[in-house]
Amino acid sequence: MVREKMEISSRQDEKSQESAGKKGGLRTMPFIIVNETFERVANSGILANMILYLKFHYNMTNAEGARVLFVWSATSNFLPILGSFLSDSYMGRYRVIAFGSIISLLGMISLWSTTVIPRARPRDCHSLVNCESPTSSQLALLYASLALMSIGAGGIRACSLAFGADQLHYPDKQKKTMLQSFFNWYYASVGLSLMIAATVIVYVQDTAGWKLGFGIPAILMTIAAVLYFLGSPLFVKMKPDKSLFSGFAQVVAAAIKNRHLPPPPSGEWYHYNKGPKLMVPSSTLSFLNKACIMKSPGRGVNPDGSATDPWSLCSVQQVEDLKSLIKVIPIWSTGIMFAVLLNQHSFQILQAKSMDRHLCPSFQIPAGSFTVFGLLTLTIWVAIYDRLLVPKLAKLTGNPRGLGLKHRMGIGLVLSCLATAVSAIVEGQRRKRAMEQGFLNNGYAVVDMSALWLVPQHCILGLAEAFNIIGQIEFYYSELPKRMASVGMALFALGMGVGNLVATVILGAVDETSKKGGKESWIANNINKGHYNYYYWALTILGGVNVLYFCICSWAYGPSKEEEFGVMGKEEEMDDEMKNSENASILL
């Protein structure tokens, strides 16, 4: 009887493997990569120039428009974490991406409808005063469109990379090569999509108008969704499994429930996973150790060693995973202010709009396209650093990666302050020229000053990203257990989201404080009457304080695994596919 059951099980496994062999593979990659690329082109192309649409067609002030975009960016960074949780725990990656594609398409169609339906937005205003404010229903349509696009992006971006890896069911060595190829193509597609969004889509919006400028992203998203569903019969669709985020919540819940239990007399009282080695939790953050105390030997544990109620009893591994996450939080928090300094592109667009953007008499750079200089700088620097500088720096520092991760993160923070200081200096000169040319009361005037003066600040920001963002992601991968690699990317996205929310608070505080006593706000709707240079100096000072905070956190953290054991730690060394996964995540 037992032999018959084993034979039936064996035949079922063979059929399952044969079925899996008919699906997946490299043939599925175009459907996944095109879906992600078109979604990014569409979303990024809309975001790049959105401040101008809000200012000139929804009659929002500069501060109001920037606030809307900060919240939109924050939401777009938070939702991939939710998407990852839903895919891992309940829906599976295929369904989350499918859901995200449909929702994102609906959002883009809704936004496009605001350009073709006259009553969907207020009448255009050609002055900076006494403009018609948008109605509640008009704002509801606008905000619903942005919310739908954020939800869609959260589903697609959270799962595309892992879903692509699911399709590659080759033997180990061949799979490793295929994964490297997929990650490289994925990374290239992300960079290309951002370049296209910052150039082609923005140029269309500037020259052909918003109907076509928002219509093209909607068409691209339609193509992306259709291709994804056409590829559905070819996809390997993994079933959802337990999420790490659920495990963290279980540790906290179990620790609270067991808070009154006394420490066990021996390690046997701790619940642990199957394996030859008995694990005992560390003494740090000992209050969490309560989560893995059994009330009596063998009670609450299944025959296979798992807990009958994971919300009352957790493994030592779960507890230690949460401790490792808590340990990196202080250094993670230094990235919040970095995100604030990084995401000031809305005001940079307004600066560019008021300057001479001509490269030649017949062509001028769109105001929203100046971010491409930062992208180019990041890409070029990464190549130069990796190929030329690392070998030389490695000899000086003894670190195979040249500079240590915390050093690179710190350099990125300093560079972000430098970029904001340069922005303040350039804006001061731009405003001075506007005064000299008699444009104080004309916020739409183009000052006789080349917009190429804005290029250095974008290039320095690109360098800051290359140091800090890449350093952040590598730091999380190095310090967290390898099984928590996805948490590292979630931490980065969360930091960017929180940074956007903090930016809205800073913006509101500066706006309210600077206009007290009837004075003109530093962030006035008329860029020539305002003092955006003062706003940039305030951000620079806050960034400098953040650098000092980073130094304290770095000192308190102590030696990292990289410093103790080598570039990626002795026990948790990253393999090639994880390195490529990190590269693909840099521009997420």
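Here is what the cut-offs are and how they apply
- Residues numbered from 1 in each chain as written.
- Predicted model: local features only at pLDDT ≥ 70, side-chain atom pairs only at ≥ 80, totals over all residues.
- Heavy atoms only, no water.
- Helix = DSSP H or I, 4+ residues; strand = E, 2+ residues; numbered from the N terminus.
- Buried < 20%, exposed > 50% of the residue type's maximum accessible area, 1.4 Å probe, protein only.
- Contact = heavy atoms within 4.5 Å.
- Areas by Shrake-Rupley, 256 points an atom, 1.4 Å probe, with all protein chains shown as cover.
- Salt bridge = Lys/Arg side-chain N within 4 Å of Asp/Glu carboxyl O.
- pLDDT = per-residue confidence, 0-100.
- Core = buried A, V, L, I, M, F, W, Y, C linked by side-chain atoms within 4.5 Å.
- Axes fitted to C-alpha atoms, helices over the stretch in contact; angles between N-to-C directions.
- Parallel < 35°, antiparallel > 145°, perpendicular 65-115°, else oblique.
- Left-handed = near helix turned anticlockwise from the far one by under 90°.
- Nonpolar A, V, L, I, M, F, W, Y, C, P; charged D, E, K, R; others polar.
- Expected span 1.5 Å × (residues − 1).
- Bend = angle between axes of the 7 residues up to and from the residue.
- Phe/Tyr/Trp six-rings, centres within 6.5 Å; stacked < 30°, edge-to-face > 60°.
- Patch = residues over 30% accessible without salt bridge, like charges linked within 9 Å, V, L, I, M, F, W, Y side chains within 5 Å.
- Pairing = 2+ DSSP bridges.

1. So, the overall build of the chain
Helix and strand counts for the chain stand at 17 helices and four strands. Across the 588 residues that make up the chain, the buried fraction comes to 52%. Contacts in the chain between residues far apart in sequence, at least 24 positions, make up 81% of those at least 6 positions apart. With the model as given, the accessible surface of the chain reaches about 27100 Å², and the carbon-plus-sulfur share is 63%.

2. Some remarks on the pattern of salt bridges
Counted by the stated rule, this structure contains nine salt bridges. A salt bridge links Arg40 to Glu36, with the nearest nitrogen and oxygen atoms 2.8 Å apart. Pair noted here: Arg40 and Glu36 are both in helix H2 (residues 29–57), with a separation of four residues, about one helical turn. A relative accessible area of 2% means that Arg40 is categorised as buried. We classify Glu36 as buried; its relative accessible area is 0%. Put simply, Lys323 and Glu320 hold a salt bridge, and the shortest N to O gap is 3.3 Å. Linking Lys323 with Glu320, this pair stays in helix H9 (residues 316–342), spanning three residues, or about one helical turn.

3. Some remarks on the confidence of the model for the chain
Summarising the model, the chain shows a mean pLDDT of 82, and 84% of its residues fall at 70 or more. Per-element mean pLDDT across the chain ranges from 42 in helix H17 (residues 576–585) up to 95 in helix H15 (residues 532–557). Scored below 50 in pLDDT, residues 1–20 shows two contacts in the model against residues more than four places distant or in partner chains. The low-confidence segment residues 567–588 (pLDDT under 50) makes 56 contacts with residues lying over four places distant or belonging to another chain.

4. Concerning the nonpolar core
Counting 124 residues, the largest nonpolar core has Met50 and Phe347 as its most contacted members. With 14 residues, H9 is the single largest residue contributor to this core. Not counting residues within four places of it along the chain, the set of residues in contact with Met50 comprises Leu69, Trp72, Leu111, Leu142, Leu146 and Phe214.

5. Quick notes on the packing of H9 against H15
Relative orientation and spacing of two packed helices are given, respectively, by the angle between their axes and the distance between those axes. At their nearest, the axes of H9 and H15 sit 9 Å apart, and the two run at 165° to each other. By the angle between their axes, H9 is roughly antiparallel relative to H15. The crossing of H9 and H15 is left-handed. Here Lys327, Val328, Pro330, Ile331, Ser333, Thr334, Met337, Phe338, Val340 and Leu341 of H9 lie close against H15, whose contacting residues are Leu539, Leu542, Gly543, Asn546, Tyr549, Phe550, Cys553, Ser554 and Tyr557. Broken down by class, the residue content of the contact of H9 with H15 amounts to 13 nonpolar, five polar and one charged.

6. Observations concerning H2
Between its terminal C-alpha atoms H2 stretches 40 Å, which fits the 42 Å expected from 29 residues at 1.5 Å a residue. Of all the bends in H2, the greatest measures close to 55° and is centred on Asn49. H2 sits mainly inside the fold: 24 of its 29 residues count as buried. Within two residues after H2, Asn59 carries a phi angle of roughly 55°, on the positive side.

7. Re the packing of aromatic side chains
Tallied over the full model, the rule gives 25 aromatic pairs. When the centroid spacing of 5.0 Å and the interplanar angle of 55° are considered together, the rings of Tyr53 and Trp210 count as tilted. In this pair, Tyr53 is assigned in helix H2 and Trp210 in helix H7 (residues 210–230), connecting sequence segments 157 residues apart. For the residue pair Tyr53 and Trp210, the accessibility class agrees, reading buried in each case. Consider the rings of Tyr53 and Phe214, whose centres lie 5.0 Å apart with planes at 75°: the pair is edge-to-face.

8. What to know about unusual backbone geometry
A positive phi is found at Asn59, a non-glycine position, where the angle reads about 55°. Mapped onto the elements, Asn59 comes out in the loop between H2 and helix H3 (62–91). Residue class for Asn59 comes out buried when judged on its relative accessible area of 14%.

9. Notes on the side chain of Ser324
Structurally, Ser324 is set in helix H9. Apart from residues no more than four positions distant in its own chain, Ser324 is found in contact with Leu480, Pro481 and Met484.

10. Some details on a nonpolar patch on the surface
A grouping of Tyr90, Met91, Phe99 and Ile151 is seen on the molecular surface, where their side chains present a nonpolar patch of about 390 Å² in accessible area. One can find Met91 in helix H3.

11. A look at the side chain of Ser104
Mapped onto the elements of the fold, Ser104 is located in helix H4 (residues 93–116). Each residue touching Ser104, except ones within four places of it in the same chain, is listed here: Glu39, Asn43, Leu148, Met149, Gly152 and Met221.

12. A closer look at the pairing of strand S4 (residues 447–450)
A one-sided burial pattern is seen for S4, the buried positions being Val447 and Met449 and the unburied ones Asp448 and Ser450. Of the pairings in the sheet, the one linking strand S1 (residues 355–356) to S4 comprises two bridges and is parallel in character. For Asp356, the partnering residue across the bridge sits in S4 and is Ser450.

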